[in-house]
Amino acid sequence: MKQNKNMGTIYRNIILSLLVSAVLIGCQDDFLDRPSQSEISTENFYQNKEELRLATAALYGGKIWAQWNNTAYLPLGDILSGNLILQYQGSDLVQLNTFTLSGSNGRLTTGWAALYIIVAHCNTTINAINEKTPSTVAATDKNGAVAEARFIRAMAYYHLAMLWGEVPIIEDNTKLIKSPLVNKNKIEDVYRFVIEDLAFAAENLPKTDQPGRVTSWSAKGMLSKVYLTRAGIGQTGGSRNQEYLNLAKTYAKDVIANSGLSLLPSYADLFKTKFNDNQESLFALQWSATTEWMHGSHLLTYSPSNDINPQKGGAWGSPGVSYDLYLAYTEQDSIRRKASFMLPGDHYPELNAAGGGYTAASVGMKKHIIGNEADNNSPAMSYLGSIEHNALLRLADVYLVYAEAVLGNDFSTSDPDALLYFNKVRTRAGVDPLTSINEDIILNERRVEFACEGQYWYDLVRLSYYNPQKAVQLLSDQQRVLFDYDKDSKTATPNDPIGTISPATSATFTLQLPTTEVVVNPKLNEPSVPYYK
């Protein structure tokens, strides 16, 4: 069969790279030092708690997450949503900004592949633990290790569902060897699968663990977010399913009231490496210094200047900031704005600190730009190996999920509990508290809190589930253009669009399937099928 022979897709990559011991690749020094692979055999591994911890440590970063982090994380989260604009790294990024992308778009294709690579590593880890862990290992240790892998698998499927909607659910990579052609599954089933993984994780993960490891609070925080999202599926008229809203509220309040966690006092410190895995971080990718391509985090390639980069290299071009994102910040909201993106004249003493700091000369992204090797006390760090542990889930997210779940289907709310946690996010940033909140206020608060953290597109997709007309209008009203900023007059002037922006429709919120996947797996063009019988 020619299709199988030339199957250069995610399925082939999954099978060939993961069947033996690939789950052991990429363990981070932050967790455990691992033996060389010549000392490891799948027949004698998973024999004790330490080896289980070693196996799951590999799932937090390194090669497993590099493709997603480096090619899709910000493009699909912030460029597609209209927060950032990057016109210098190929037409694929311009297509994201102008809604002209097709199934051949490189960022779309690699994003899909990257998430399924993460899924495959998690599947291999889960199945190996279940099959090879002897009875001498405590059930709590075995289940805890499986729970880590299921949490991370849930994160991958959550992103797949929000980007593509109906996608194949794969639990056993080996089945793809005999049957590589698979159907999409219904979106309700994909979310159910995510929820079941997270529920298992919440039940079996510890309440506390080594910094950087996920805990039961991580799982419950993510459950609150997934239930908030799930509440919009299949709904019409701008209202959400109250049962799921209640579950979102319950899980979020459990984390808020019982975890003992709190916001990091300084917003800007969230994005400095000496605060990696701080008390606000519920799930962060773990990165080590490296010079190898696609083994570490490449986010420093978005730096505006070689002068502030490790080894004085790799500053390939800072993403531009859209005029629309600039307008989302009030003048009072300067702490979050400055920590998220630079304006000409902004001074950052922590960047090239030994050289007196860095003063921005142009508009550009600041988050993830952490300075050079001396600034981070990491002599081995290169621009291909940033050591920032970028968080994909923060406690502030759970606070805002809770406020939105309390608001529910009401036009506005002055609920004191919702306001308490909503305003904790604002006052940490030096912004005045509010006495009433509504859907628009919460959405904008999420945008400015998580700008350049790959979140805003998913917030818009969540809205599109139950109020597509409003979501389309938000995209249509955006000023998705770059702007010039005069530091003396403190005025911003929008520029012309970098391309013709196609009108947004409700279909805009579901990405096209990658062409390469459909070619080798025509079943993806067929109607989705149930996963649960």
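Anything mentioned here points back to the structure above.
Please read all numbers here as calculations on a predicted model, not as lab measurements.

A. Spotlight on the overall build of the protein chain. Scanning the protein chain from terminus to terminus reveals 20 helices and 12 strands. In terms of overall dimensions, the protein chain is globule-like: its C-alpha atoms have a radius of gyration of 22 Å, near the 24 Å expected for 533 residues. Overall, the protein chain is about 70 × 55 × 50 Å in size when its C-alpha atoms are taken along their principal axes. Pairs at least 24 residues apart make up 72% of the contacts formed inside the protein chain by residues separated by at least 6 positions. For the protein chain, the exposed surface amounts to about 20,300 Å²; the carbon and sulfur share of it is 49%. Computing the positive centroid from 46 side-chain charges and the negative centroid from 55, the protein chain places the two 4 Å apart.

B. Just the packing of aromatic side chains, in detail. Inspection of the entire model under this criterion finds 24 aromatic pairs. Ring centres of Y326 and F483 lie 4.9 Å apart, and the angle between their planes is 40°; this geometry places the pair in the tilted category. On the criterion of sequence distance, the pair formed by Y326 in helix α13 (residues 323-328) and F483 in strand β11 (residues 483-486) is long-range, its members being 157 residues apart. Summarising the burial analysis for this pair, Y326 and F483 share the class buried. An angle of 85° between the planes, with centres 5.2 Å apart, marks the rings of Y531 and Y532 as edge-to-face. Relative accessible area serves as the criterion here: at 23%, Y531 is assigned to the partly exposed category. Each member of the aromatic cluster is reached from another via a ring pair, and the members are W112, Y116, Y157, W164, F193, Y531 and Y532. Sitting above the plane of the F341 ring, R337 keeps its charged end 5.6 Å from the centroid. Lying over the aromatic face of Y348, K338 brings its terminal NZ or CZ to 5.2 Å of the ring centre.

C. How the structure looks around the environment of P503. One can find P503 in the loop between β12 (491-494) and α20 (515-520). It is 39 Å that separates the C-alpha atoms of P503 and S179, two residues lying 324 residues apart in sequence.

D. Spotlight on the side chain of T215. Position of T215 relative to the elements: it lies in the loop between α10 (187-204) and α11 (216-230). Beyond its immediate chain neighbours, meaning those up to four positions away, T215 contacts L205, P206, K207, T208 and D209.

E. Broad picture of α11. Taking 1.5 Å as the rise per residue, α11 with 15 residues should run 21 Å; its terminal C-alpha atoms sit 20 Å apart, in good agreement. Counting buried residues along α11, 15 of its 15 residues qualify, which places the element largely inside the surrounding structure.

F. Main features of unusual backbone geometry. One non-glycine residue, H368, lies in positive phi territory at about 80°. Inspection of the secondary structure puts H368 in the loop between β7 (364-365) and β8 (391-394). For C452, which is not glycine, the phi dihedral falls at a positive 65°. Mapped onto the fold, C452 is located in the loop between α17 (439-449) and α18 (456-466).

G. Spatial organisation of the nonpolar core. Among the nonpolar cores identified, the biggest contains 154 residues, and W65, W68, F151, Y157, W164 and F283 are the most heavily contacted of them. Considering each element in turn, this core owes the most residues, 16 residues, to helix α8 (residues 139-164). In this structure W68 touches Y73, L76, G111, A114, L115, I118, H159, L163 and Y458, once residues within four positions along its chain are discounted. Core analysis: the next-biggest nonpolar cluster, separate from the first, contains five residues, Y267, L270, F271 and A339 among them.

H. Highlighting the side chain of S386. One can find S386 in the loop between β7 and β8. Judged by its relative accessible area of 0%, S386 falls in the buried class. Engagement of the side chain of S386 in a polar contact is seen with the backbone nitrogen of E388, the distance being 3.3 Å. Residue contacts for S386: discarding those within four places in its chain leaves W287, S288, S297, L300, I370 and M381.

I. Region of interest: the packing of α11 against helix α15 (residues 395-407). Following both chains from N to C, one finds α11 and α15 inclined at 40°, their axes separated by 10 Å at the closest point. Here α15 runs oblique to α11, going by the angle between their axes. Considering the relative orientation of α11 and α15, their crossing is left-handed. Where α11 approaches α15, its residues G221, S224, K225 and L228 are matched on the opposing element by D397, V398, V401, E404 and A405. The residue inventory of the contact of α11 with α15, partitioned by class, reads four nonpolar, two polar and three charged.

Rules of the game
- Residues numbered from 1 in each chain as written.
- Predicted model: local features only at pLDDT ≥ 70, side-chain atom pairs only at ≥ 80, totals over all residues.
- Heavy atoms only, no water.
- Helix = DSSP H or I, 4+ residues; strand = E, 2+ residues; numbered from the N terminus.
- Rg over C-alpha atoms; globule rule 2.2 N^0.38 Å.
- Contact = heavy atoms within 4.5 Å.
- Areas by Shrake-Rupley, 256 points an atom, 1.4 Å probe, with all protein chains shown as cover.
- Lys, Arg positive; Asp, Glu negative; His and termini not counted.
- Charge placed at Lys NZ, Arg CZ, Asp CG, Glu CD.
- Phe/Tyr/Trp six-rings, centres within 6.5 Å; stacked < 30°, edge-to-face > 60°.
- Buried < 20%, exposed > 50% of the residue type's maximum accessible area, 1.4 Å probe, protein only.
- Lys NZ or Arg CZ within 6 Å of the ring centre and 35° of its normal.
- Expected span 1.5 Å × (residues − 1).
- Core = buried A, V, L, I, M, F, W, Y, C linked by side-chain atoms within 4.5 Å.
- Polar contact = N/O pair within 3.5 Å; in protein donor to acceptor, adjacent residues only side chain to side chain.
- Axes fitted to C-alpha atoms, helices over the stretch in contact; angles between N-to-C directions.
- Parallel < 35°, antiparallel > 145°, perpendicular 65-115°, else oblique.
- Left-handed = near helix turned anticlockwise from the far one by under 90°.
- Nonpolar A, V, L, I, M, F, W, Y, C, P; charged D, E, K, R; others polar.

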